[in-house]
Amino acid sequence: MQDKPLVIAGREFSSRLIIGTGKYKDYAQNAAALAASGAQIVTVAMRRVNVMNPDEPMLVDFINPKETVYLPNTAGCFTGEDAVRTLRLAREAGGWSLVKLEVLSDPKHLYPDMEETMRAAKMLIDDGFEVMVYCSDDPVFARKLEDLGCAAIMPLGAPIGSGLGLQNKVNIRLIVEQSSVPVIVDAGVGTASDATEAMELGCDGVLMNTAIAEANDPVRMARAMKHAVIAGREAYLAGRMAKKRYADPSSPLAGLI
Amino acid sequence: MKITLNGEPHTVEENTSIAGLLGELNIPLAKVAVERNLAIVPRSTFDTMILTPDDRIEIVRFIGGG
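Helix and strand counts for chain A come out as eight helices and 10 strands. At 19 Å, chain A has a C-alpha radius of gyration in line with the 18 Å of a compact globule built from 257 residues. Across the 257 residues in chain A, those meeting the buried criterion constitute 49%. Long-range pairs, those at least 24 residues apart, make up 66% of the contacts in chain A with a sequence separation of at least 6. With an accessible surface of roughly 12400 Å², chain A has 52% of that area assigned to carbon and sulfur atoms. Taking the average place of the 27 positive charges on the side chains of chain A and the average place of its 32 negative ones, the gap between the two points comes to 4 Å.

Structure representation (C-alpha cells):
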C-alpha cells in the first residue's frame, strides 16, 4: 500500500523527515547522518564567508544541493526586513525560492515572534518566496499564516534544541485538522518516539536538528528517526484501535478445554 | 580605495570588479552570494559590477543550521 508523497509548494517528497545541518561534529558526520535518515530536505543557514580563511570546509562540498533540497532558514533574524534580506541572498546563492522562515524573540526560549513572523511571511510571499513557517502551536496564528499563503505550517513541539517532545498535542492536532497545507512539527523532538507521536497525530512531516546531532551516535539516531517517522505515519494511516478501560482477551474464550 | 567587506574595513585597487574581489580573496564564485549596499549582486554581473569607494560588501555562503 503506497502512501501519498509529501507535497510542499508543488514539489513531491517521499521522505517525511527534514533534518538540520547544525551542531554536528563536522560536515562529514552531517552527510553520513543525512544518508542514514533518508531525508530529502535539509535546513541551512546563511552566514558571512570568513575572508581570512576562504579554505574552510563548505557545506555544499559535503551535501550536494543538486541531490538534497536546501531549505535556507532565517535563524538570527529578528525582523521581517532581516529575513527578506537573508533569503534574497540565499535565493541568489542557490536559486531556491522554498525557504524556512523563523523570526525568533527571546534567546531563553527561542519562541517565534508571531507578530513579526506574520509581517515577514507577507513580505516574503510578496517577493515570490514559498514560505515554510516556524510558528507557535497556536491554531489561530496557524490559520492566519495559511491564509497569507504559506506553503507549510511548522509549529514547534517544544522549545528549539530542548528535546522535550510534544508539549501540546491538543494544539498540534487542532492545527493538523484545520490545515490544508502540510503541517510539519519543527523543534522539540528529543528521541524517536517523539517523532512517531507527531506523525501519529497526523502531521505531514517532522523537522529536527539537535535530536540527531547531539545524540551519542548521530548516524544511528538518524536511522532511528527515519523508522520513527515511517512508523508514526503508517500508524496514523492505519487508524489506531479504540482505547478501552478494561482488558479484552486476544484469544477466544469459546472452545476452552 | 576603502570599502567595507563583511563588516570590516578593506582596501582594494580602483576598478576592481566583484569577480576580481572574490578572486583576490580566493573565494569560489559558485558557492557564495554577494550583496552590495544592501542590494543583491546577480551572479551574472560579478564581472561587470565595479566597486566604488565606501561600498559595503557582504559575501555569504551556506553553513549548517537548523
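Let us look at the interface of chain B and chain A. Each partner contributes residues to the interface: chain B has 26 residues there, and chain A has 32 residues. Across the chain B/chain A interface, buried area totals approximately 2600 Å², and carbon plus sulfur atoms make up 61% of it. Summed over the three residues of chain B that lose the most area to chain A, namely Arg-61, Phe-62 and Gly-66 of chain B, the buried surface amounts to 32% of that side. Joining chain B to chain A, the criterion identifies four salt bridges. Glu-35 of chain B is paired through a salt bridge with Arg-85 of chain A; the nearest N and O atoms lie 2.6 Å apart. One can count 18 residue pairs in polar contact (both at pLDDT 80 or more) joining chain B with chain A. Taken together, the elements giving at least two residues each to the side of chain B that touches chain A come down to strand S3 (33–36), strand S4 (39–41) and strand S5 (56–64) of chain B. The element best represented in the side of chain B that touches chain A is S5 of chain B, accounting for seven residues. When grouped by side-chain class, the residues that make up the side of chain B that touches chain A number 15 nonpolar, six polar and five charged.

This part is about the environment of Asp-147 of chain A. All names here are of chain A. Positionally, Asp-147 belongs in helix H4 (residues 139–148). A relative accessible area of 60% places Asp-147 in the exposed class. Residues Asp-147 and Asn-209, 62 residues apart in the sequence, show an inter-C-alpha distance of 28 Å.

Take helix H6 (residues 192–200) of chain A next. Residue and element names in this part refer to chain A. Of all the residues in H6, the buried ones are Ala-192, Asp-194, Ala-195, Thr-196, Ala-198 and Met-199. Against the buried residues of H6 lie strand S9 (184–186), strand S10 (205–208) and helix H8 (218–238). Two residues or fewer past H6, Gly-202 is found with a positive phi of approximately 105 degrees.

Calculation rules
Residues numbered from 1 in each chain as written. Chains lettered and ligands numbered in written order. Predicted model: local features only at pLDDT ≥ 70, side-chain atom pairs only at ≥ 80, totals over all residues. Heavy atoms only, no water. Helix = DSSP H or I, 4+ residues; strand = E, 2+ residues; numbered from the N terminus. Rg over C-alpha atoms; globule rule 2.2 N^0.38 Å. Buried < 20%, exposed > 50% of the residue type's maximum accessible area, 1.4 Å probe, protein only. Contact = heavy atoms within 4.5 Å. Areas by Shrake-Rupley, 256 points an atom, 1.4 Å probe, with all protein chains shown as cover. Lys, Arg positive; Asp, Glu negative; His and termini not counted. Charge placed at Lys NZ, Arg CZ, Asp CG, Glu CD. Buried area = accessible area lost by both parts, 1.4 Å probe. Salt bridge = Lys/Arg side-chain N within 4 Å of Asp/Glu carboxyl O. Polar contact = N/O pair within 3.5 Å; in protein donor to acceptor, adjacent residues only side chain to side chain. Nonpolar A, V, L, I, M, F, W, Y, C, P; charged D, E, K, R; others polar.

Any functional reading would require information that these geometric values do not contain.
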